[in-house]
Amino acid sequence: MAILDISGIVAGYGAGPDILKGLSLAIEPERSYCVIGPNGAGKSTLLKVICGLVPAREGAVVFEGDRLNGLRTDEILHRGICFVPQDRSLFPDMTIRENLRMGGYILKDRREVDRRIEEVYGMFPILKERNSQLAKTLSGGQQQMLLIGRALVLRPRIIMLDEPSLGLAPIVSRQIFDSMNTLKAAGITIIVVEQNARMGLQFADWGCVLDLGKAMFEGPSASILEDPRIEELYLGRRRSRAGADA
Amino acid sequence: MTQTVQIIILGLSLGGVFALMASGLTLIFGVMGIINLAHAAFIILASFITFGLFKYFALDPILSIVIVMPVMFIVGVAVYRIFFARSIADPNKRGVTVLLTFAIALVIEGTLGFLFSNIYRSTSPSYASSAILFGPYYLPEAQFYATILSAVILIGLWAFLQYTRTGYAIRATMHNRTAAEVVGVNVDRISMLVFGIGMALAGASGAMVSFLFSVYPSKHWEFVAILLSLVVLGGMGSLLGALVGALVLSVAAAFVSSYYGPVWSPVTFYLALFTILLFRPQGLMGKKAEF
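Residues numbered from 1 in each chain as written. Chains lettered and ligands numbered in written order. Predicted model: local features only at pLDDT ≥ 70, side-chain atom pairs only at ≥ 80, totals over all residues. Heavy atoms only, no water.

Peer 1: Help me understand helix 1 (residues 43-50) of chain A in this model?
Peer 2: Spacing of three or four residues puts side chains on the same side of an α-helix, whose turn is 3.6 residues. All names here are of chain A. Of all eight residues in helix 1, six are buried; the element is thus mostly enclosed. Residues Lys43, Thr45, Leu46, Leu47, Val49 and Ile50 constitute the buried set of helix 1. Looking one or two residues beyond helix 1, the residue adopting positive phi is Gly52, at roughly 85°. (Buried < 20%, exposed > 50% of the residue type's maximum accessible area, 1.4 Å probe, protein only. Helix = DSSP H or I, 4+ residues; strand = E, 2+ residues; numbered from the N terminus.)

Quick look at the structure:
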């Protein structure tokens, strides 16, 4: 049974046009998903709808039989769904520890938050080393680790990452995906939106192609990587023949 | 030398009160991005409330702070709910909030002018006319109390922001609104709370303004220009910046007033405003850009 059932979602920003136009997707527990698609397909919007940052105009998001539509982000966080946004949404002038503490903001028990921060430090020792440094002094990769660590303080059931490798050097991106593999091994359901579609699909069990606000295709990542149509349309095919025509 | 030290003492003591006046303005800007042109009008409103309590109930203006602050907090929450809650949620409408604050300032001024006419008023507690002497120096007693009280309130505010869970949430919202939302901060509630706190701070400073200056309904234009200049100098949204800006500019204005006459004292603030906007628009402690 799906842990998260997304059906017929129509959503957009403010009074603007619909970005998602009837998107449906079933997320199975402990599976990792990579959402790919062209710019403007609605990938980030999908994640924002799930975590309550953007309200759905139509359709339903159901988490373990519990409807999430209309709930505030903090209420959705309480259910164990965390979102790591794209724009390095840290608190730049707070220390690393304070950033992690903000990750546990919805938990009232401060000692429990401190315990969980220690767990995060276990996973990202570099964060512990820089504990009292301001977040803005970290490198791009370390900031991404801090963002993931901040979400982990809540011990989420589902973690959603929006372009975690954006702007990172390939070797650093690989480190980030390595740490995501650790999350996967820990049984956390992962939904990642990734511009670097190949890397994302190699990481995830399952792929989903979004275009024009709908899920056009979904299936095991390996089959998507091998599908020539999808390769041509969304993966930027290495044009052996077509290259000569261009 | 004695004169120089005396000017610094007077400048710093007034600077403390200006810092308190500006703290609410900078806090509201930091959290909501609203440049509240009505801030000084609310300070004047609080002065009038203090004046009323003094005149009809013989309540000491300093003591009246315990009434004025909560009243202004409630006023702030109501103003936020009625006028700002919807407009700041929509980024496209955020730009017009400055016009809204301008309108609120006019309404407060007009209402006060209608009810109390535009004559000068001030409360006159016993300490308003005496001075504290130490060696060759003096400090008006009223200014002394106002400075101490401003410092206490500002330290309290700082500790609240630094150490409480709500304080963390306020700072987080100031740093990055989206990030705050993502970790579960109810930014709408925080904004409402901060508007209330900002108005409560305006209330406390208004109570002190009532015996430090003569007030009349349109006095707020003079104040808001000064407050904006020192907030811009310190860096919009920075509390420490507002304090530094207030102290630096008040001392500078005291020097200008002493050497060139009081008429030139307000010019100090405007000159500083122009200079800072030309050479360091983010202010002394403001953030340059988000990352």
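Peer 1: Even after reading the chapter, I still don't get the packing of aromatic side chains, so can you show me in this structure?
Peer 2: By convention here, two paired aromatic rings are described through the distance between centres and the angle between planes. Under the definition given, this model contains 15 aromatic pairs over all chains. Ring centres of B:Phe18 and B:Phe269 lie 6.1 Å apart, and the angle between their planes is 65°; on these two criteria the pair is classed as edge-to-face. Of this pair, B:Phe18 sits in helix 1 (residues 2-32) while B:Phe269 sits in helix 11 (residues 265-279), and the two are 251 residues apart along the sequence. An aromatic cluster is built from B:Phe18, B:Phe213, B:Phe223 and B:Phe269, whose rings are joined through pairwise contacts. Taking the ring centre of A:Phe203 as reference, the NZ or CZ of A:Lys184 above it sits at 4.8 Å. The residue whose ring lies beneath B:Lys219 is B:Phe223, and the NZ or CZ to ring-centre distance is 5.2 Å. (Phe/Tyr/Trp six-rings, centres within 6.5 Å; stacked < 30°, edge-to-face > 60°. Lys NZ or Arg CZ within 6 Å of the ring centre and 35° of its normal.)

Peer 1: When you look at the packing of helix 1 of chain B against helix 6 (residues 165-175) of chain B in this model, what are you seeing that I'm missing?
Peer 2: The relative placement of two packed helices is expressed as an angle between their axes plus a distance between the axes. All names here are of chain B. Remark: helix 1 packs on helix 6, axes separated minimally by 6 Å, with the N-to-C direction vectors making an angle of 65°. Considering their axes alone, helix 1 and helix 6 lie roughly perpendicular with respect to each other. Two secondary-structure elements touch here, helix 1 through Thr26, Leu27, Gly30 and Val31 and helix 6 through Ile170, Thr173 and Met174. (Axes fitted to C-alpha atoms, helices over the stretch in contact; angles between N-to-C directions. Parallel < 35°, antiparallel > 145°, perpendicular 65-115°, else oblique. Contact = heavy atoms within 4.5 Å.)

Peer 1: Would you mind showing me how to read the sheet that holds strand 7 (residues 158-162) of chain A here?
Peer 2: Sheet strands pair via backbone hydrogen bonds, and the direction of the pair is either parallel or antiparallel. Residue and element names in this part refer to chain A. The six strands lie next to each other as 6-7-8-3-9-10, forming an open sheet whose pairing is mixed. Every interior strand has two partners, whereas the edge strands, strand 6 (81-84) and strand 10 (214-220), have only one. Each adjacent strand pair in this sheet contributes to an overall mean axis angle of 15°, direction not counted. Here strand 6 pairs with strand 7 via four bridges, running parallel. Each residue of the ladder has a partner; that of Val84, found in strand 7, is Leu161. Sheet strands touched by helix 1: strand 3 (32-36), strand 6, strand 7, strand 8 (189-193) and strand 9 (206-211). Its angle to strand 7, the strand with the most contacts, is close to 145°. Together, strand 6 and strand 7 form the strand contacts of helix 6 (residues 140-152), whose direction differs from that of strand 6 by roughly 165°. (Pairing = 2+ DSSP bridges.)

As far as function goes, none of this settles anything; it's purely spatial.
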